[in-house]
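# Working through the structure, step by step
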Amino acid sequence: MAERYVDWKALETAALAAMERAYAPYSKFPVGAAALTEDGRIISGCNVENASYGLTLCAECALVGQLHMSGGGRLAAFYCVDSTGKVLMPCGRCRQLLYEFRAPGMQLMTTQGIKSMDQVLPDAFGPEIWRNLDDTSKRTV
Ligand SMILES: O=c1ccn([C@H]2C[C@H](O)[C@@H](CO)O2)c(=O)[nH]1
Ligand SMILES: [Zn+2]
């Protein structure tokens, strides 16, 4: 498959703008995430922390919410930044969140350059598992 052209600068700009909206009074680590949808929209999200620390929502949670609120679809490219503007790797939970909505050939900007979803989350547990189990008679447990 030919690699899709991605305007990484536009994604970086959107991620930085999202980072400015972060609510991170506890960690003081604002994060902004942006993504390009398969149909060309740019969506974004920031982290939203909570006094009960473990309830914190990563920036990717807001991004996935915005994906659906703005029309759904799939993610073609992803870019995440910290408050200094440095590229940030999504945490493990967020890689799983993104995996659910990946477009074929989804690209992620990482600290080591552009990578694929399979590179950052190998052997993923994906929605296919449920499709394969649609017929409940096939279930063994
Ligand atoms: O993928 C990640 C990893 C961390 N954070 C946020 C959560 C928390 O508010 C702060 C420090 O962990 O960074 C994100 O938004 N996305
Ligand atoms: Zn996360």
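What this report covers is the structure whose coordinates are included nearby. As the structure is a computational prediction, the values presented were derived from the model and not from experiment. (Residues numbered from 1 in each chain as written. Chains lettered and ligands numbered in written order. Predicted model: local features only at pLDDT ≥ 70, side-chain atom pairs only at ≥ 80, totals over all residues. Heavy atoms only, no water.)

With that settled, consider the pairing of strand 5 (residues 113-116). Bridge count for strand 4 (residues 102-110) against strand 5 is four bridges, and the pairing is antiparallel. Considered in strand 5, the bridge of Thr-110 is made with Gly-113. With antiparallel pairing between neighbouring strands as the criterion, strand 4 and strand 5 make up a hairpin whose turn holds two residues. (Pairing = 2+ DSSP bridges. Helix = DSSP H or I, 4+ residues; strand = E, 2+ residues; numbered from the N terminus.)

With that out of the way, let us pick up the state of the cysteines. By the definition in use, this model includes zero disulfides. Residue Cys-80 stays outside any disulfide, its sulfur separated by 7.8 Å from that of Cys-94, the closest cysteine. (Disulfide = S-S within 2.5 Å.)

All right, on to the site of ligand 1 then. Ligand 1 sits among Ser-27, Phe-29, Val-31, Asn-47, Glu-49, Thr-56, Cys-58, Ala-59, Glu-60, Pro-90, Cys-91 and Cys-94. Between ligand 1 and Glu-49, the relevant distance is 2.4 Å, taken from an oxygen atom to a side-chain nitrogen or oxygen of the residue. Separating an oxygen atom of ligand 1 from a backbone N or O atom of Cys-91 is a distance of 2.8 Å. Here ligand 1 has 370 Å² of accessible area as a free molecule, and 79% of this is covered by the chains. Residues belonging to the shell around ligand 1 are distributed by class as follows: seven nonpolar, three polar and two charged. (Near = heavy atom within 4 Å. Polar contact = N/O pair within 3.5 Å; in protein donor to acceptor, adjacent residues only side chain to side chain. Areas by Shrake-Rupley, 256 points an atom, 1.4 Å probe, with all protein chains shown as cover. Nonpolar A, V, L, I, M, F, W, Y, C, P; charged D, E, K, R; others polar.)

The next thing to look at is the coordination of the zinc ion (ligand 2). Those donors, Cys-58 (SG), Cys-91 (SG) and Cys-94 (SG), are the protein atoms that reach the zinc ion (ligand 2), and they lie 2.2 to 2.3 Å from it. Counting gaps between the donor residues of the zinc ion (ligand 2) yields the pattern C-x32-C-x2-C. Note that Cys-58 is positioned in the loop between strand 2 (42-46) and helix 2 (59-69) and Cys-94 in helix 3 (residues 92-100), a separation of 36 residues in sequence. On the basis of relative accessibility, which here comes to 0%, the residue Cys-94 falls in the buried class. (Donors = N, O, S within 2.8 Å, 3.2 Å for Na, K, Ca; no water. Buried < 20%, exposed > 50% of the residue type's maximum accessible area, 1.4 Å probe, protein only.)

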